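Notes for the structure review
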Amino acid sequence: MRWRIRATAALVAATAAAGLAAPAASAAGQNAAVVPAADREVRFTVDGTTAYGTVHVPAHRAGHRLAAALLLPGSGTTDRDGDQPPSITPGTLALFADTLGDDGVMTLRFDKYFTGRTGAGAYQGDPGRVDLAAFTRQAAAAYATLGAQPEADPHALLILGHSEGGMQALLLARTVRPAPAGLALVAPQDERFLDLLGFQLDALLDEGAAAGQFTEAVAQADKAGVAAAIADFRAGRPADTSSLLPPLATLLNALFGPNNARFVRSDDAVYPPDAARGLRPGTRVTVMCGTADHNVPCATTPPLLAALDQAHTTGPGLRTLDGLDHYLHPSGTPVNDRMLAPAAVAALHEFARPWKR
């Protein structure tokens, strides 16, 4: 699934609750002890598999309840930090946790099935048995775990999703209780999966032809071949990839093969704007897109933005980040540079402003 990322792009661990009750304080509450920032490991079990994650609690006054955000990763074998080691390690979710922590927002991020400490044992080690709903159930359990933390304010639960995690945030927000007060959709998947994949592969073929890697005729033939393979897969027919350039054939064979077909079908069945229309009115939503993001380009966002408007969500709304890529780096930055561009940090701070401590 890494090619997919490139081409497109969880009960609680032992925690001492004693001492968290509000202490006697001055009338202004200024004498309350300050609890230093800390990370702790948490775990939760879903569908027979224990998942592991990290809760980051920023410094706060003892007894004070904090806004709390669940961080959802992108597609593929992406772990709690937003990495696919060893080759893709931008630390995106870890950086989100640090940034929100600066605003006094606590976070939970977790290792998806088949990643990190959660490991490969889910579903008897067979990824071919897992569909999108399984990952949504895992995310829902993580949300409940976050809400059960002693420092979390149940009236200020948030969800931040990156890439495919943005679509998951929409699905989750419609079903979990309490409903989230806010969603941050960062470079979110905003089309049906195979539509987005086709769009991205077409762009790569255009780039390859322009760079002289192959002829324009080859590019046009492979565009038609990709579209035909997608149509065949959707119709339940065998997808013929034999005429495609080898990297494209390898990618599609992997996605349509036994390890991924079930998941791909379930993902492709979701149209994210339809999910957005089911959000609770008044939910605070920000959508971030980078103008140099070739995985989820800004051009695909209008239907999602229209659906959010129809759902009567509130701002900040769309934040277009000039020159930033899918990992919120300035264009041309190596993927494994562990940093967020200042414009992305500012957009996250703007989203978190109502809950800033």
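Just so you know, these numbers come straight off a predicted model, no measurement behind them.

This part is about the overall build of the protein. Scanning the protein from terminus to terminus reveals eleven helices and ten strands. By the compact-globule yardstick of 21 Å for 357 residues, the protein fits well, its C-alpha radius of gyration being 21 Å. Along the first, second and third principal axes, the C-alpha atoms of the protein reach 75 × 45 × 40 Å. Counting every atom, the protein has about 14400 Å² of accessible surface; 55% of that belongs to carbon and sulfur. Between the averaged position of the 29 positive side-chain charges in the protein and that of its 34 negative side-chain charges there is a distance of 8 Å.

Relative to the 26 Å expected for 18 residues at 1.5 Å per residue, helix 5 (residues 193-210) spans 26 Å between its end C-alpha atoms, a close match to the ideal helical length. Following helix 5 by one or two positions, Gly212 has its phi on the positive side, about 80°.

Now for the confidence of the model for the protein. For the protein, mean pLDDT is 92; residues scoring 70 or higher make up 91% of the total. Contacts of residues 1-29 to residues separated by more than four positions or lying in other chains number 74 contacts, the stretch itself having pLDDT below 50.

Glancing now at helix 3 (residues 132-147). Over its 16 residues, helix 3 extends 23 Å from the first C-alpha to the last, a length consistent with the 22 Å expected when each residue adds 1.5 Å. Those residues of helix 3 that sit buried are Leu132, Ala134, Phe135, Thr136, Gln138, Ala139, Ala141, Ala142, Tyr143, Thr145 and Leu146.

What follows covers the environment of Ala341. On the secondary structure map, Ala341 appears in the loop between strand 10 (314-321) and helix 11 (342-352). Looking at Ala341, the relative accessible area reads 3%, which means it is buried. Put simply, Ala341 and Tyr327 are 14 residues apart on the chain and 9.3 Å apart in space, counted from C-alpha to C-alpha. Among residues more than four places away in sequence, those in contact with Ala341 are Leu324, Leu328 and Pro330.

So, on to the packing of aromatic side chains. Tallied over the entire structure, the rule returns seven aromatic pairs. Ring centres of Phe44 and Phe110 lie 5.9 Å apart, and the angle between their planes is 70°; this geometry places the pair in the edge-to-face category. A residue pair is termed long-range when its members are at least 10 positions apart, and Phe44 in strand 2 (residues 38-46) and Phe110 in strand 6 (residues 106-110) qualify at 66 residues. Taking the relative accessible area as the measure of exposure, Phe44 reaches 2% and is therefore buried. Judged by relative accessible area, which is 2%, Phe110 ranks as buried. Ring geometry for Phe135 against Phe263: centres 5.6 Å apart, planes inclined by 85°, an arrangement best described as edge-to-face.

Moving on, we come to the pattern of salt bridges. Going through the model one piece at a time under the given rule, you end up with 16 salt bridges. For Arg109, the salt bridge identified is with Asp81, shortest N-O distance 2.9 Å. Linking Arg109 in strand 6 with Asp81 in the loop between strand 5 (66-72) and helix 2 (92-102), this pair joins segments that are 28 residues apart in sequence. Judged by its relative accessible area of 9%, Arg109 is buried. Asp81 gets classed as partly exposed once you look at its relative accessible area, which sits at 21%. The salt bridge partner of Arg319 is Glu350, with a shortest N-O separation of 2.8 Å. Residue Arg319 is located in strand 10, and its partner Glu350 is located in helix 11; the two are separated by 31 residues in the primary sequence. Overall, Arg319 belongs to the partly exposed group, its relative accessible area being 25%.

Between Pro85 and the following residue, Pro86, the backbone shows a cis peptide bond with an omega angle of 5°. For Pro86, the position within the fold is in the loop between strand 5 and helix 2. A cis amide bond, omega 0°, links Arg177 with the succeeding residue Pro178.

What follows deals with the sheet that holds strand 2. Overall, mixed pairing links the eight strands, which are arranged 2-3-6-5-7-8-9-10 in an open sheet. The outermost strands of the open sheet, each flanked by one partner alone, are strand 2 and strand 10. Going from strand to strand, the sheet's axes swing by 20° on average, the running direction of each strand aside. Across five bridges, the pairing between strand 8 (residues 182-186) and strand 9 (residues 284-290) is parallel. Bridge assignment links Gly182 to a residue of strand 9, and that residue is Arg284. Relative to the sheet, helix 4 (residues 164-173) contacts strand 5, strand 7 (152-162) and strand 8, its axis offset from that of strand 7 by approximately 145°.

Assignment of secondary structure puts Leu171 in helix 4. Expressed as a C-alpha distance, the spacing of Leu171 and Thr136, which sit 35 residues apart in the sequence, is 7.5 Å. Ignoring anything within four residues of it in the chain, the contact list for Leu171 reads Leu132, Thr136, Val270 and Ala275.

Calculation criteria
- Residues numbered from 1 in each chain as written.
- Predicted model: local features only at pLDDT ≥ 70, side-chain atom pairs only at ≥ 80, totals over all residues.
- Heavy atoms only, no water.
- Helix = DSSP H or I, 4+ residues; strand = E, 2+ residues; numbered from the N terminus.
- Rg over C-alpha atoms; globule rule 2.2 N^0.38 Å.
- Areas by Shrake-Rupley, 256 points an atom, 1.4 Å probe, with all protein chains shown as cover.
- Lys, Arg positive; Asp, Glu negative; His and termini not counted.
- Charge placed at Lys NZ, Arg CZ, Asp CG, Glu CD.
- Expected span 1.5 Å × (residues − 1).
- pLDDT = per-residue confidence, 0-100.
- Contact = heavy atoms within 4.5 Å.
- Buried < 20%, exposed > 50% of the residue type's maximum accessible area, 1.4 Å probe, protein only.
- Phe/Tyr/Trp six-rings, centres within 6.5 Å; stacked < 30°, edge-to-face > 60°.
- Salt bridge = Lys/Arg side-chain N within 4 Å of Asp/Glu carboxyl O.
- Pairing = 2+ DSSP bridges.
- Axes fitted to C-alpha atoms, helices over the stretch in contact; angles between N-to-C directions.

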